[in-house]
Amino acid sequence: MSGDAALIEATLVRLAERGIELRHGLYERFFAAYPARRADFLCPEATSVRMTDETLQMMYGLAAEESWVWPLVAELSYTHRTYGQLPLEEYEAFVDLTVATMAGALGDDWGAAEAAAWGRQADRLKAMIAKAQTDWERVLPR
Ligand code: HEM
């Protein structure tokens, strides 16, 4: 297992052990930044579980060089077209806020090594989402 994957796994175990759910704080921060988006979420109490978990899974999968990450990101980008025009900036903010919310929740259990590992994988995920968006617009322009 790569260094980033091991660190990321350890962070996820710490979150689970401490019973921390990121989604509530994460959504509050996301809606504070993009208030108009709140209305697009019909059932956030249910869907925030999967949206948050998949974001974490994608970064963990990238760190472990898993081949399923790209198909999952491509599918995410396609299905999210049904929610309207979602600018890349909002995806980037959601990924960054996921990491920032985790950092805030873990306090002393979060250090420079964790920040670097998650930061690297967040950058890779954002680049992959950008590629998926561009590819879909090219093959299926709206
Ligand atoms: C890496 C980033 C993201 C991932 C992995 C992700 C994943 C998901 C998943 C798996 C669902 C389906 C949940 C379910 O049916 O249980 C979902 C729903 C949804 N996503 Fe995302 N999403 C991401 C970013 C975003 C962003 C930036 C927006 C912008 C507003 C967004 C808007 C929505 C909306 C409106 C729904 C439907 C929610 C509802 O009806 O309650 N997503 N997302």
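The following paragraphs examine the structure supplied in this document. Everything numeric here is computed off the predicted structure, so don't read it as measured data. (Residues numbered from 1 in each chain as written. Predicted model: local features only at pLDDT ≥ 70, side-chain atom pairs only at ≥ 80, totals over all residues. Heavy atoms only, no water.)

## Here we look at the pattern of salt bridges
Tallied over the full model, the rule gives 15 salt bridges. Among the ionic pairs, Arg120 bridges to Asp4, the shortest N-O distance being 2.8 Å. With a gap of 116 residues between them, Arg120 in helix α6 (residues 112-139) and Asp4 in helix α1 (residues 3-17) connect regions that are remote in the sequence. Accessibility expressed as a relative area gives 45% for Arg120, which makes it partly exposed. For Asp4, a relative accessible area of 11% corresponds to the buried category. For Arg18, the salt bridge identified is with Asp109, shortest N-O distance 2.9 Å. Of this pair, Arg18 sits in the loop between α1 and α2 (23-33) while Asp109 sits in the loop between α5 (88-106) and α6; the two residues are 91 residues apart in sequence, bridging distant segments of the chain. The exposure class assigned to Arg18 is partly exposed, which follows from its relative accessible area of 43%. Overlapping salt bridges bring together Glu21, Arg23 and Glu45 as one network. (Salt bridge = Lys/Arg side-chain N within 4 Å of Asp/Glu carboxyl O. Helix = DSSP H or I, 4+ residues; strand = E, 2+ residues; numbered from the N terminus. Buried < 20%, exposed > 50% of the residue type's maximum accessible area, 1.4 Å probe, protein only.)

## Describing the layout of surface pockets
There is about 700 Å³ of room inside the largest pocket. Forming the walls of the largest pocket are 25 residues, and the residues nearest its centre are Phe41, Met51, Leu76, His80 and Tyr83. At six residues, helix α3 (residues 44-63) tops the list of elements feeding residues into the lining of the largest pocket. Per-class residue counts for the lining of the largest pocket are 15 nonpolar, four polar and six charged. Here the second largest pocket is characterised by a volume of approximately 260 Å³. Ranked by residues supplied to the lining of the second largest pocket, first place goes to α3 with seven residues. Of the residues in the lining of the second largest pocket, the class split is eight nonpolar, three polar and three charged. (1 Å grid on protein atoms, 1.4 Å probe; cavity = no way out; pocket = protein on both sides within 12 Å on 5 of 7 lines; lining within 4 Å. Points joined across faces, edges and corners; volume = space filled by probe spheres on them. Nonpolar A, V, L, I, M, F, W, Y, C, P; charged D, E, K, R; others polar.)

## As for the site of the ligand
Lining the immediate surroundings of the ligand are 21 residues, of which Arg37, Cys43, Thr47, Met51 and His80 lie closest. In the environment of the ligand, an oxygen atom lies 3.1 Å from a nitrogen or oxygen atom belonging to the backbone of Leu42. Here the ligand is seated within the largest pocket. Listed by contribution, the elements that provide at least two residues to the shell around the ligand are α3 and α5. Tallying contributions element by element places α3 first for the shell around the ligand, with seven residues. (Near = heavy atom within 4 Å. Polar contact = N/O pair within 3.5 Å; in protein donor to acceptor, adjacent residues only side chain to side chain. Sits in = over half its atoms within 2 Å of the grid points.)

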